[in-house]
Amino acid sequence: EAGVTQFPSHSVIEKGQTVTLRCDPISGHDNLYWYRRVMGKEIKFLLHFVKESKQDESGMPNNRFLAERTGGTYSTLKVQPAELEDSGVYFCASSQVAGHSYNEQFFGPGTRLTVL
Amino acid sequence: AQRVTQPEKLLSVFKGAPVELKCNYSYSGSPELFWYVQYSRQRLQLLLRHISRESIKGFTADLNKGETSFHLKKPFAQEEDSAMYYCALSPVRNTDKLIFGTGTRLQVFP
């Protein structure tokens, strides 16, 4: 089992450019989460998919961020246009369908985004 | 406001010494509390959760609702415990989103 995978591992772009991050969850996991850690700050929740539907997108910072999960498998997070403050590490996590108890979230290695 | 506070950015101890990583939370309901750990060059992973009341790798954490705390403890630290530790809260049942603290780096010296 490869676990949650993310691509790319690093991305360096200039302000104003577009970047797309990809996350492949563990096979069979319906829940998919995006988080972000900006340098020196806490890991912050961005959004949560259940299959292809957005369950909670309360953490998305603004409309420059667009997340999709077509077909309920992998997910992409696009930043367009990128700003300096978007720099950080973007984590993806997945878990099985939520039941009556907490379902452990398994994290990917993260994508380090640097906006110059 | 929902918030998790970890007051220490860095905690350094010698091998065999007791360890306590502090975590306080702010939440009006009944949250679920967790400790996640990230070892060097590894992924963030769940260490333990308050509902299971178990000891993992010698670590324990007790939820104190009166003090709104969930401190992580280990009586005798080992060098392999050196890592970044994050306290996290899950406030809403149907989303399971996690609210993290800023993390505490634990360094255990030989």
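Residues numbered from 1 in each chain as written. Chains lettered and ligands numbered in written order. Predicted model: local features only at pLDDT ≥ 70, side-chain atom pairs only at ≥ 80, totals over all residues. Heavy atoms only, no water.

K.L.:
Give a detailed account of the sheet that holds strand 7 (residues 65-68) of chain A, specifying residues and quantitative values.
P.N.:
Residue and element names in this part refer to chain A. Judged by pairing direction, the sheet is antiparallel, and its four strands sit side by side in the order 1-3-8-7 without closing on themselves. Looking at the sheet topology across the chains shown, the edges are occupied by strand 1 (5-7) and strand 7. Averaged over all neighbouring strand pairs, the angle between strand axes comes to 15°, with direction disregarded. Relative to strand 8 (residues 75-79), strand 3 (residues 19-24) runs antiparallel, the two being bridged by five bridges. Considered in strand 8, the bridge of Thr20 is made with Lys78. (Pairing = 2+ DSSP bridges. Helix = DSSP H or I, 4+ residues; strand = E, 2+ residues; numbered from the N terminus. Axes fitted to C-alpha atoms, helices over the stretch in contact; angles between N-to-C directions.)

K.L.:
Now, about the pattern of salt bridges: what can you tell me, with residues and values included?
P.N.:
Applying the stated rule across the entire model yields nine salt bridges over all chains. Arg36(A) serves as the salt-bridge partner of Asp86(A), at 3.9 Å between the closest nitrogen and oxygen. With Asp86(A) in the loop between strand 8 and strand 9 (88-95) and Arg36(A) in strand 4 (residues 31-37), this residue pair connects regions lying 50 residues apart in the sequence. Take Asp86(A) and Arg36(A): they sit in the same class, and that class is buried. For the salt bridge of Arg49(B) with Glu104(A), the shortest nitrogen-to-oxygen distance reads 3.8 Å. Residue Arg49(B) is found in strand 6 (residues 45-49), and its partner Glu104(A) is found in the loop between strand 9 and strand 10 (106-107); the two belong to separate chains. Judged by its relative accessible area of 18%, Arg49(B) is buried. (Salt bridge = Lys/Arg side-chain N within 4 Å of Asp/Glu carboxyl O. Buried < 20%, exposed > 50% of the residue type's maximum accessible area, 1.4 Å probe, protein only.)

K.L.:
Tell me about the side chain of Arg37(A), and name the residues and values.
P.N.:
On the secondary structure map, Arg37(A) appears in strand 4. Buried charged residue Arg37(A) carries no salt bridge. Nearest counter-charge: Glu42(A), at 9.8 Å. A polar contact of 2.7 Å, which involves the side chain of Arg37(A), links it to the side chain of Tyr86(B). Residues within four places of Arg37(A) in sequence aside, it is in contact with Glu42(A), Ile43(A), Gly88(A), Val89(A), Phe91(A), Gln38(B) and Tyr86(B). (Lys, Arg positive; Asp, Glu negative; His and termini not counted. Polar contact = N/O pair within 3.5 Å; in protein donor to acceptor, adjacent residues only side chain to side chain. Contact = heavy atoms within 4.5 Å.)

K.L.:
Could you give me a rundown of unusual backbone geometry, with the residues and numbers involved?
P.N.:
Residues and elements named next belong to chain A. The omega torsion of the bond from Phe7 to Pro8 falls at -5°, within 30 degrees of zero and hence cis. With respect to the helices and strands, Pro8 occurs in the loop between strand 1 and strand 2 (10-13). Of note, the bond from Gln80 into Pro81 is cis; its omega dihedral lies within 30 degrees of zero at -10°. Its place among the elements puts Pro81 in the loop between strand 8 and strand 9. Positive phi is not limited to glycine here, since Lys51 has a value of about 55°. By relative accessible area, Lys51 is classed as partly exposed at 43%.

K.L.:
Which residues make up the pairing of strand 6 of chain B, and what values go with them?
P.N.:
All names here are of chain B. Among the five residues in strand 6, four count as buried, and that is most of the element. One ladder, built from four bridges, connects strand 5 (residues 32-38) with strand 6; its direction is antiparallel. Paired with Phe34 across the bridge in strand 6 is Arg49. Following strand 5, the chain reverses through six residues before pairing antiparallel with strand 6; Arg41 in that reversal takes a positive phi of roughly 60°.

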